[in-house]
Amino acid sequence: MDLLKHYKNSYLSYFLMYNFYYLSWAVFSALISVYLLGKGFKASEVSLVVSTSFLTSMIFQPVIGMFSDRYDVKKVNFVLFTLAGIGGLAFMFADSLITITIGYSFVLTLINGTNPVMEKIASSSPYQYGKIRIWGTIGYAIGSWLAGMIYQLISPSAIFICFIITMILCIIGLLGTKTPSELGQNNEEKTKTSTLFHNHKYLYYLIIAAIFQGITNMANTYIPAMFQNDGLKVSLVSTILSFAVLCEAPLVLFSHKFMDKLTNKRLLIIAYSMITIQFLCYALNVWLPLKVIITLITKHPSGMLFIMINLKIVSTLVPKEHQITALAFVQTLRNLSSIIFQNIAGQILDISSYQILFALSLIVIVVGFVLVILFKVPSGKDQKLFN
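A brief structural summary. All values derive from a computational prediction rather than experimental measurement.

Cut-offs applied
Residues numbered from 1 in each chain as written. Predicted model: local features only at pLDDT ≥ 70, side-chain atom pairs only at ≥ 80, totals over all residues. Heavy atoms only, no water. Helix = DSSP H or I, 4+ residues; strand = E, 2+ residues; numbered from the N terminus. Expected span 1.5 Å × (residues − 1). Bend = angle between axes of the 7 residues up to and from the residue. Buried < 20%, exposed > 50% of the residue type's maximum accessible area, 1.4 Å probe, protein only. Phe/Tyr/Trp six-rings, centres within 6.5 Å; stacked < 30°, edge-to-face > 60°. Contact = heavy atoms within 4.5 Å. Polar contact = N/O pair within 3.5 Å; in protein donor to acceptor, adjacent residues only side chain to side chain. Core = buried A, V, L, I, M, F, W, Y, C linked by side-chain atoms within 4.5 Å. Salt bridge = Lys/Arg side-chain N within 4 Å of Asp/Glu carboxyl O. Axes fitted to C-alpha atoms, helices over the stretch in contact; angles between N-to-C directions. Parallel < 35°, antiparallel > 145°, perpendicular 65-115°, else oblique. Left-handed = near helix turned anticlockwise from the far one by under 90°. Nonpolar A, V, L, I, M, F, W, Y, C, P; charged D, E, K, R; others polar.

Helix length check: helix 9 (residues 200-229), at 30 residues, gives a terminal C-alpha distance of 43 Å against a target of 44 Å (1.5 Å per residue), a fit within 8%. In the structure, helix 9 departs most strongly from a straight axis at Tyr222, where the bend amounts to approximately 40° and where the proline Pro224 lies between one and four residues downstream. In terms of burial, helix 9 is a largely internal element, 22 of the 30 residues being buried. Downstream of helix 9 by a residue or two, Gly231 has a phi angle that is positive, lying close to 105°.

Okay, here's the thing in structure tokens:
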């Protein structure tokens, strides 16, 4: 009994929840393009599978947000994680394009849907944001590596048995955490969420976020296949990707040193600069070892930086009682833009090369960069989210 009392809201419970949530996510999705191409599907069919998951995530994100507002967040997440584990079991036996699409969409919708709340929990827990969120980084890195090892040494379908086990460990962690009261919106605090659509700076930011997240999600789908196309084995690709995830660790651990001090605009410029360098490297098809180094330095660090930027900008632009809803809208636009970019990428790769895909993607990034330069956003230095 004493053990359970000490476990409640302990650091161990947050470690288990964050580490295995992101590890499960990586195991299930990191090598999806390699898995499906290996089963004989075309790039456009891979894009259909992945973009459908973003479509269903977009449709059900508001529903999951509504349940998270109305009911206890922990109970909602428990149900969603349990269903995700069951979905992973079903996906293991899916062979046709239709069943694969349905299975993948089901699991990713549940995992994507819980992500905004998971990030908010990290910034609202009794522990420093970086000390909690770092386990998500480590978990994703291990998951990316583990997926490749299982794929290469055991069998592709064994990946999904691993996913079920890690989801169970995530649930054990979840049951030990406490739900911060500020995560919900009680009825006394609730005002019309339609006020968000009158917040012009927030709406402008949604476009910037949609471009960044859509284009990077597309890249995350095809970077493993790109390296495999360059002649690397799947196990080596997964090892590179797991090290790429670990490269975001310093950003997470030292987020309290710079995130509250740098302005919102400067942080956005840094994030966009990183993906510009990354995509330029792929477009020019540079020497393979250099391509790997650039991937390590920019791929996951830029994505992690944007996750933190998103929390900070939403906290800057949106009243506290609307922040969960505002984060959910960002996630919804992310899914919509990902659908668009995934489908375009698949069509391009069916008739052309990875080099052309990333060259065309650079044009989109430049548009986003211009929007960032013109963005008149408050500095956000008054926000103390990361200390």
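On to the packing of aromatic side chains. Think of a pair of aromatic rings as described by two things: how far the centres are apart, and how the planes are tilted against each other in angle. Taken as a whole and assessed by the stated rule, the structure comprises 24 aromatic pairs. On the basis of an interplanar angle of 50° and a centroid distance of 5.7 Å, the ring pair of Tyr21 and Phe81 is categorised as tilted. Residue Tyr21 is located in helix 2 (residues 11-29), and its partner Phe81 is located in helix 5 (residues 73-91); the two are separated by 60 residues in the primary sequence. Taken as a pair, Tyr21 and Phe81 share a single burial class, namely buried. Among the aromatic residues, ring-to-ring pairing joins Phe28, Tyr35, Phe91, Tyr104, Phe160 and Phe163 into one connected group.

A few words now on the environment of Asn77. Relative to the helices and strands, Asn77 resides in helix 5. Residues Asn77 and Met118, spaced 41 residues apart in sequence, show a C-alpha to C-alpha distance of 9.3 Å. Discounting residues that sit within four places of it in the chain, Asn77 has contacts with Thr114, Met118 and Leu174.

The subject of this paragraph is the side chain of Ser24. Looking at the element boundaries, Ser24 is found in helix 2. Of the residues examined, Ser24 reaches a relative accessible area of 0% and is grouped as buried. Within polar-contact distance, the side chain of Ser24 engages the backbone oxygen of Phe20 at 2.5 Å.

Let's shift gears to helix 2. Compared with the 27 Å implied by 1.5 Å per residue over 19 residues, the 27 Å span of helix 2 between its first and last C-alpha is a close match. Of all 19 residues that make up helix 2, 16 are buried, and the element is covered over most of its length.

Within the largest apolar cluster, 128 residues are counted, with the highest numbers of intra-cluster contacts made by Tyr205, Tyr272, Phe279, Leu305, Met308 and Phe358. When near neighbours in sequence (up to four residues on either side) are disregarded, Phe279 contacts Ile215, Met218, Ala219, Phe358, Ser361, Leu362 and Ile365.

Before going further, it helps to spend a moment on the pattern of salt bridges. Inspection of every chain in the model, using the stated rule, returns 2 salt bridges. With a shortest N-O distance of 3.4 Å, Asp95 and Lys39 are connected by a salt bridge. Taken together, the residues Asp95 in the loop between helix 5 and helix 6 (97-124) and Lys39 in the loop between helix 3 (32-38) and helix 4 (43-70) connect sequence positions 56 residues apart. Taking relative accessible area as the criterion, Lys39 reaches 36% and is therefore assigned partly exposed.

Orientation of helix 9 relative to helix 10 (residues 234-246), taken along the N-to-C sense of each, is 135°, at an axis distance of 9 Å. Taken together, the axes of helix 9 and helix 10 are oblique relative to one another. For the element pair helix 9 and helix 10, the recorded crossing hand is right-handed. Mapping the contact onto sequence places Ile223, Pro224, Phe227 and Gln228 in helix 9 and Val234, Val237 and Leu241 in helix 10. For the contact of helix 9 with helix 10, the per-class residue count stands at 6 nonpolar, 1 polar and no charged.

Everything listed is a geometric property; what it means functionally is a separate question.
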